[in-house]
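Here is what each chain is made of, one letter per residue.
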Amino acid sequence: MTIWKPIALSLGVFAATAQISRGQEATPPPQPTPVPTATAPEPTPAPPAPAAPAAQSQASNYFNPSISVIGNFLAVAGKNSVENLPNASLRESEVALQAIVDPYARADFFLSFSETSVEVEEGFLTFTSLPAGLLAKVGKMRVAFGKINTLHLHVLPWPDAPLPIVNLLGGEEGWKSTGVSIARLIPMPADIFSELTAQVFRGEAEGLFQARKRSDIAYNGHYRLFRDLSEATNLDLGFSYGAGPNATSSDETRRWTKLEAIDFMLRWKPLRTGNYRSASLRGELFRSRRDQPEDLGGKQTARGWYLSGEYQLAKRWFAGARIESSDHADDGSKRDTGQAVILTFWPSEFSQVRGELRRRRYAGGVTANEALLQLQFAIGAHGAHPF
Amino acid sequence: MKKHSMALAALFLAAPLWAKVQVVSSLQDFASIADSVGGDRVETSGLARGYQDPHFVDAKPSFILKLSRADLLIVAGLELEIGYLPPLIDQSRNDKIHPGNAGYLDASIGCDILQRPTTQVTRAMGDVHPYGNPHYWTDPDNGRVIARAIAAKLAELDPSGKAAYEKNLAAFEARLAEKEKEWNAKMAPYAGTKIVTFHDSWPNFAKHFKLAIVGHVEPKPGIPPTPSHTLEIINLIKAQNIPLIVIEPYFDSKTPKSIAAQTGATVLTLYPSVGGVPEIKDYFSLFDYDINAFVGAMKGKK
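Residues numbered from 1 in each chain as written. Chains lettered and ligands numbered in written order. Predicted model: local features only at pLDDT ≥ 70, side-chain atom pairs only at ≥ 80, totals over all residues.

(A) Summary view of the overall build of chain A. Counting secondary structure elements, chain A contains three helices and 16 strands. Burial statistics for chain A: of 387 residues in total, 37% are counted as buried. In chain A, of all internal contacts separated by at least 6 residues, the share reaching a separation of at least 24 is 56%. (Helix = DSSP H or I, 4+ residues; strand = E, 2+ residues; numbered from the N terminus. Buried ≥ 20, exposed ≤ 12 C-beta atoms within 10 Å, placed from the backbone. Contact = placed C-beta atoms within 7 Å.)

(B) Looking closely at the confidence of the model for chain B. Per-residue pLDDT for chain B averages 93, and the proportion of residues at 70 or more is 94%. In the predicted assembly, ipTM is 0.88 and pTM is 0.87. (pLDDT = per-residue confidence, 0-100.)

(C) A look at helix H6 (residues 162-187) of chain B. Residues and elements named next belong to chain B. If you check H6, its first and last C-alpha atoms are 36 Å apart, about what 26 residues at 1.5 Å a residue would give, namely 38 Å. Along H6, the residues that are buried comprise Tyr-165, Asn-168, Leu-169, Phe-172, Leu-176, Trp-183 and Met-187. In this structure, the buried residues of H6 make contact with helix H2 (28-38), helix H5 (140-157) and helix H10 (283-298). (Expected span 1.5 Å × (residues − 1).)

(D) The nonpolar core, seen in detail. Ranked by size, the top nonpolar core spans 90 residues in total, and within it Val-37, Ile-74, Ile-146, Ile-150 and Ile-245 of chain B carry the most contacts. If you tally residues by element for this core, the top one is H5 of chain B, at nine residues. Two domains share this core, each providing at least three of its residues, namely domain 1 (10-180) and domain 2 (182-298) of chain B. Excluding residues within four positions of it along the chain, Ile-150 of chain B makes contact with Ile-33, Ala-34, Val-37, Ile-74 and Leu-105 of chain B. Counting 24 residues, the second-largest nonpolar core is a separate cluster that includes Leu-168, Leu-259, Ala-261 and Phe-286 of chain A. (Core = buried A, V, L, I, M, F, W, Y, C linked by C-beta atoms within 7 Å. Domains from an automatic or database assignment.)

(E) Examining the sheet that holds strand S2 (residues 42-46) of chain B more closely. Residue and element names in this part refer to chain B. A sheet is described by the order of its strands in space; here four strands give the open sequence S2-S1-S3-S4, paired in parallel fashion. In the strand order of this sheet, the two ends are held by S2 and strand S4 (104-106), each with one partner. Here the average twist between neighbouring strands, direction ignored, is 20°. Sheet topology places strand S1 (residues 21-25) next to S2; five bridges connect them, and they run parallel. Bridging from a neighbouring strand, Gln-22 pairs with Glu-43 of S2. (Pairing = 2+ DSSP bridges. Axes fitted to C-alpha atoms, helices over the stretch in contact; angles between N-to-C directions.)

(F) The sheet that holds strand S8 (residues 266-269) of chain B, seen in detail. All names here are of chain B. With parallel pairing, four strands are arranged side by side in an open sheet as S6-S5-S7-S8. In this open sheet, the two edge strands, each paired with only one partner strand, are strand S6 (212-216) and S8. Adjacent strand axes in the sheet meet at a mean angle of 35° when their direction is disregarded. Relative to strand S7 (residues 244-247), strand S5 (residues 194-197) runs parallel, the two sharing three bridges. Directly across from Thr-197, in S7, lies its bridge partner Val-246.

(G) Focus on the pairing of strand S12 (residues 300-314) of chain A. Residue and element names in this part refer to chain A. Relative to S12, strand S11 (residues 279-290) runs antiparallel, the two being bridged by twelve bridges. Within S12, the position partnered with Arg-282 by the bridge is Ser-308. Alignment of S12 against strand S13 (residues 317-328), held across ten bridges, turns out to be antiparallel. Across the sheet, residue Tyr-311 finds its bridge partner in S13, namely Ala-319. Linkage of S12 to S13, two consecutive antiparallel strands, is achieved through a turn of two residues.

(H) Just helix H9 (residues 254-263) of chain B, in detail. Residue and element names in this part refer to chain B. Of all the positions in H9, only Thr-255, Pro-256 and Ile-259 are classed as buried. Here the buried residues of H9 occupy an arc of 100° about the axis, which is enough to place them on one side. Exposed side of H9, more than 90 degrees from the buried face: Lys-254 and Ala-261 are the residues found there. Packing partners of the buried residues in H9 comprise helix H8 (227-240), S7 and S8. Note on H9: the residue one or two positions beyond its end, Gly-264, has a positive phi of about 85°. (Arc of directions from axis to C-beta.)

(I) Inspection of unusual backbone geometry at higher detail. Even without glycine at this site, Asp-191 of chain A takes up a positive phi of about 55°. By the secondary structure assignment, Asp-191 of chain A is in the loop between strand S6 (176-185) and strand S7 (193-202). Even without a glycine there, the phi angle at Gln-115 of chain B is positive, about 60°. For Gln-115 of chain B, the position within the fold is in the loop between S4 and H5. In this structure Gln-115 of chain B comes out as partly exposed when scored by C-beta crowding, with 16 C-beta atoms within 10 Å.

(J) Geometry of the domain arrangement of chain B. Residue and element names in this part refer to chain B. For chain B, the assigned domains are domain 1 (10-180) and domain 2 (182-298). Of all elements in the fold, only H2, H5 and H6 reach the threshold of two or more residues within the side of domain 1 that touches domain 2. Along the lines of polarity and charge, the residues of the side of domain 1 that touches domain 2 split into eight nonpolar, eleven polar and ten charged. (Nonpolar A, V, L, I, M, F, W, Y, C, P; charged D, E, K, R; others polar.)

(K) Molecular detail of the packing of H2 of chain B against H6 of chain B. Residues and elements named next belong to chain B. One way to put it is that H2 packs onto H6 with a least axis distance of 7 Å and a crossing angle of 120°. It follows that H2 is oblique to H6 by the angle criterion. Contacts from Ser-36, Val-37 and Gly-38 of H2 reach H6 at Tyr-165, Asn-168, Leu-169 and Phe-172. Looking at the contact of H2 with H6, its residues break down into four nonpolar, three polar and no charged. (Parallel < 35°, antiparallel > 145°, perpendicular 65-115°, else oblique.)

(L) Seen up close, the confidence of the model for chain A. In this model, chain A carries a mean pLDDT of 87, and residues with pLDDT of at least 70 account for 85%. With pLDDT under 50 throughout, residues 1-55 of chain A is counted as low confidence; its partners more than four residues away or in other chains account for 130 contacts.

(M) Representation of the environment of Ala-132 of chain A. Locating Ala-132 of chain A in the fold gives a position in the loop between strand S4 (118-127) and strand S5 (134-142). Expressed as a C-alpha distance, the spacing of Ala-132 of chain A and Ser-278 of chain A, which sit 146 residues apart in the sequence, is 37 Å.

(N) Up close: the packing of H2 of chain B against H5 of chain B. Residues and elements named next belong to chain B. The contact between H2 and H5 brings their axes to 9 Å, and the two run at 55°. By the angle between their axes, H2 is oblique relative to H5. Relative to H5, the crossing made by H2 is right-handed. Between H2, through Phe-30, Ile-33, Ala-34, Val-37 and Gly-38, and H5, the contact on the second element is made entirely by Gly-143, Ile-146, Ala-147, Ile-150, Ala-151 and Leu-154. Its residues assigned to classes, the contact of H2 with H5 shows nine nonpolar, two polar and no charged. (Left-handed = near helix turned anticlockwise from the far one by under 90°.)

And the structure:
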C-alpha cells in the first residue's frame, strides 16, 4: 500500500518558497550546518523570506502547520435494509493539520467533515523526546486496539470497515477516545521490534462505552511485535486488551465490556521490483465480553474476525479479497458474515479509484449484495505512507 | 590493587572500540562516504538498499530500532524521504536525530542542486520535487561536499576523533580527485552524447559528465509510460539518433526494451546507489561500475 510517494506540493497562493520550504513534518528552518574545511564556498542558508513584497506575509506563514485534505466519495448500488448507505455521498473530507510544536512535541489534528457536520477525529500532542524510551500522546486519538482500528478510513485496503469493527467496536468509525497513551520499546533479541502501549481514556466511546461518572474510565493495552523474515517479507503481530463501562451500567452498578484482539499482517514486497509487485495478508480476531443486566440477556460473549489479502498486479493496480464474520456485541447469538472482492486503481499516488463487490448475510436472514465505488483524492502536503 | 587499576586502564583504552559513533543513513551512498571519513571510529548502516527505489521505502518498525540507537542520521533531504522517514524519527525515542538537532545531517546542504523550481509547482506536473532534484549524489563533486559535511559533523559529535576524521577526509578527497580524472577521461569521448532516461534521476550525473538528457520514458515524473508518449520518444530517438536509454534497476524495463527494439537504441541499466549490485561496494565503485557500463554500451555506437 505504499503508493504515496515523496514529493511535496505548494499550498495554494501562499506557496512561494517560504511556504514550500516546510515539508510534511514542518521541519524547523534549516540549521546552518557547520560547513567543513574552508575550500568549498558554501552558501549560507538564506533567511526564510525570499521576495521583498510578499516577505511579510510569508514570514508569518512560516510556522503554519502543513495542511492536507483527503476527499472520500462513495457510491453504492444494490439493496441493503440493514446498513442502508446512501447511493452517493462525500463520506468524509479529512483535513489534517500537522506541525512541530516545540523541541519537545509535535501536534496532529485530523478534522473529519461529513457532508453536514464536523468532528475532531483525532487531535493529539506527541511528546517525542521523553527519557527512558517513552513516547507519549495526549488528546483524542484512535485507540491502539488491534490494527485496523488505528487506521484512518482512507488508508484501509477496502472502502468499508470490516464487520467486527462495526459490531464489536461501536460502529464503522471504530474505537477512538480522549486520554493518554504511553508506549515503550521492549528490547528483544534478533532485531525484533517490540513495543508495549498502555492507554487510559475517558470511559466514553460512541456505540461502545458510556461514562456516567468521572471515575468511569476505559483502558487499553497493546503489544506489537515486528520482524523482518527476509529482505522482502515481514511479519507484524499485535495483542490487545481493552475494557470500559458499557451503556447498560447504572448509577449503582458499573457494567464492563472487555475486549481482546489478536492481529497479524504478513507483507511481501521484493525491494527491487516492489513498485510493480507486492502482496499482503492480514487478519484480526476479536472477542468482546459484555456485562449486561439479566433482562437484556445477561453477559454476552461475541467473537468476530476478518481475513484479507491484497495482491499488486501492476504499478497502479491492486486486487484484493476479504472474508469476515462477527457476532453482535449485545447479543452473542446473532452473527453477520460477509465476503468481498476489491479492485483498486491509482491514477497517481494522490488519487485512487476502488470498486468492491460485497455480500453480507445479516443475522435474521437478510442477505445484501452490493457494489461500492470509492473515489479518494488528496491535496496538500505529502503525508507519510501508512505501514 | 595494581592489577585492578591496570584492568580498568585497559578497559578505558578499549572503550573507543565499543563506543563507535553509530551512523544511520537513508541511502547506502552516504553510509559509504561516512565509512570512508569515519574509518574505524564509526559504524554505519543504510536503510534503503542500493537497488531499491529511494522514493518508496517502507516505514518498517525495524528501522525504528536502528534509529533509536543512532548518534547521527544522514538524509538526502529535498523531501526524498518524506514518505517514510518523518514518522520513523518521531517514533525513534532518540532526540538527537530529530531535524534541527546535532545528530541530524541533511546531506544536500551545500551541494549543487539542480532543477529547483522557479515558478509555482503543482501536482499536474507529476512528482515534481519542489526543492530541486534529490538525486544529486550522482555528481562526484557533490560527493566531495557531502564528505566534508560528514567529517565536520563527526568531529562535532566526537571531538576526540577530529584529527582522524580530517585525515580520512583528506585521503577521501585525494582518492576522489584521482578517480575523477580517470572517470572524466573515460567519459570525455562521449561529451555531448544525447540520452533518454526512464525517470529524471540523472541530471547531476549528466551535468558532470557532459551528457545531454533529451527525454524521459515517463511522460511525467512518477507516471508510468503511456502509448502516445512512448511513440513520441521513439520518434525523438529516431530523429536525433539517440544511442542509449538509461533506466534504474527498480523500473520495469518492458517499455524501454520495446522502444529499443524499434529504434536500435540500447537499454542501459545504471545504478544510482551503492550496493545496487555486489561489485558496487562503495562510492568510488559506484562510478567505476556506471562509467564502465556506459562506455561498454557506447562501443560501436556513433
